[in-house]
Amino acid sequence: MTGTTTDYEAIATAAGRELEEATAQEVLTWAADTFGKRFCVTSSMEDAVVAHLASSVFPGVDVVFLDTGYHFPETIGTRDAVAAVLPVNLITLKPLQTVAEQDAQYGPALHDRDPDLCCSLRKVEPLGRGLAGYDAWATGLRRDESPTRAGTPVVSWDPKRRKVKIAPIARWTQEDVDAYVNANGVLLNPLLWEGYTSVGCSPLSCTRKPAEGEDARAGRWSGSGKTECGIHL
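The rules behind each value
- Residues numbered from 1 in each chain as written.
- Predicted model: local features only at pLDDT ≥ 70, side-chain atom pairs only at ≥ 80, totals over all residues.
- Heavy atoms only, no water.
- Buried < 20%, exposed > 50% of the residue type's maximum accessible area, 1.4 Å probe, protein only.
- Helix = DSSP H or I, 4+ residues; strand = E, 2+ residues; numbered from the N terminus.
- Arc of directions from axis to C-beta.
- Contact = heavy atoms within 4.5 Å.
- Phe/Tyr/Trp six-rings, centres within 6.5 Å; stacked < 30°, edge-to-face > 60°.
- Lys NZ or Arg CZ within 6 Å of the ring centre and 35° of its normal.
- 1 Å grid on protein atoms, 1.4 Å probe; cavity = no way out; pocket = protein on both sides within 12 Å on 5 of 7 lines; lining within 4 Å.
- Points joined across faces, edges and corners; volume = space filled by probe spheres on them.
- Nonpolar A, V, L, I, M, F, W, Y, C, P; charged D, E, K, R; others polar.
- Core = buried A, V, L, I, M, F, W, Y, C linked by side-chain atoms within 4.5 Å.

A.B. asks: Summarise helix α8 (residues 174–184); cite the residues concerned and give the values.
C.D. replies: For α8, the full list of buried residues reads Val177, Tyr180 and Val181. End-on, the buried residues of α8 take up no more than an arc of 100°, which puts them together on one face. Structural note: α8 exposes Glu175, Asn182 and Ala183 on the side pointing more than 90 degrees away from its buried face. On the buried face of α8, the contacting elements are α2 (24–35) and α3 (49–57). Just downstream of α8 lies Gly185, where phi reads positive at about 60°.

A.B. asks: Which residues make up the packing of aromatic side chains, and what are the values?
C.D. replies: Aromatic ring pairs are defined here through the distance separating the ring centres and the angle between the ring planes. Throughout the structure, instances matching the rule amount to four aromatic pairs. An angle of 55° between the planes, with centres 5.6 Å apart, marks the rings of Tyr8 and Phe35 as tilted. In this pair, Tyr8 is assigned in helix α1 (residues 5–18) and Phe35 in helix α2, connecting sequence segments 27 residues apart. By relative accessible area, Tyr8 is classed as buried at 4%. Centroid distance Trp30 to Phe35: 5.7 Å. Interplanar angle 90°. Geometry classified as edge-to-face. Note on Phe35: relative accessible area 2%, which makes it buried. Taken together through their ring pairs, the aromatic side chains of Tyr8, Trp30 and Phe35 make up a single cluster. Over the aromatic face of Trp221 sits the side chain of Arg220, whose NZ or CZ is 4.7 Å from the ring centroid. It is Lys226 that lies over the ring of Trp221; its NZ or CZ is 5.0 Å from the centre.

A.B. asks: Provide a residue-level description of empty space enclosed by the protein, including the pertinent values.
C.D. replies: Summed over the entire model, instances satisfying the criterion amount to two cavities of 30 Å³ or more. The volume enclosed by the largest cavity comes to roughly 660 Å³. Around the largest cavity, the lining is made up of 38 residues, and of these Ser43, Ser44, Met45, Gly140 and His232 lie nearest the centre. Those elements that place two or more of their residues in the lining of the largest cavity are β1 (39–42), α3, β2 (61–66) and α7 (115–130). Counted as a void, the second largest cavity has a volume near 110 Å³. Forming the boundary of the second largest cavity are 13 residues, of which Cys118, Cys119, Lys123, Cys201 and Cys206 lie nearest the centre. Considering each element in turn, the lining of the second largest cavity owes the most residues, five residues, to α7. Here the residues of the lining of the second largest cavity are counted per class, giving eight nonpolar, two polar and three charged.

A.B. asks: A description of the nonpolar core should follow, citing residues and the corresponding values.
C.D. replies: A general tendency of soluble globular proteins is for nonpolar side chains to be buried together. Among the nonpolar cores identified, the biggest contains 44 residues, and Trp30, Phe39, Val49, Val155, Val164 and Ile166 are the most heavily contacted of them. Of all the elements, α2 adds the most residues to this core, at seven residues. Beyond its immediate sequence surroundings of up to four residues, Val155 is in contact with Ala12, Ala15, Gly16, Leu19, Val27, Trp30, Val164, Lys165 and Ile166. Tyr70, Val124, Leu127 and Leu131 belong to the second largest nonpolar core, which has 19 residues in total.

Right, here's the structure in full:
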């Protein structure tokens, strides 16, 4: 399908209403039918749930991964396993600068001193560049992950990137995720078995294990007041 920005914004608004109660597979089937190869899935490789769902209805779907240069080895391993076992086209995006080049320009450990800038350079900019060839993208956002994600629409208009944004498992709970993983043998990042509930970059200022009773994303940018990397703002 091809269309103007105005068309896609109207499509996203209508689909957000019409697909609110749809299953994740139905939402992804709609996305594949509507956008074809101009649709992709983004994955942080915390798990392969959305990649698995999308590949089941759209074999060969592009799965986009942001390699920030700061990932845990387990995250890179999960990416490689997804590429090896799922019928997807795995695309790795990288920042314009290596970590060493960024350190030379901004000083070391920018993630500790200015996490917003670090995320902008290593996540937001590369994703914007990588999504240039698509009209729609899917994410694994869920409403139960944190208060800041509680209002996540199943389908919406992304005004910053001027694309349709799809969150097929927005209405799922952690119990739904666990059930799907167990029923389908979905790949998980090994760090989830070690007590992490949200996996980002490896510096402690970016990702730590949450304490008992904290929400799933409490270990991200702990103590900084930051709750999102900027991709979903």
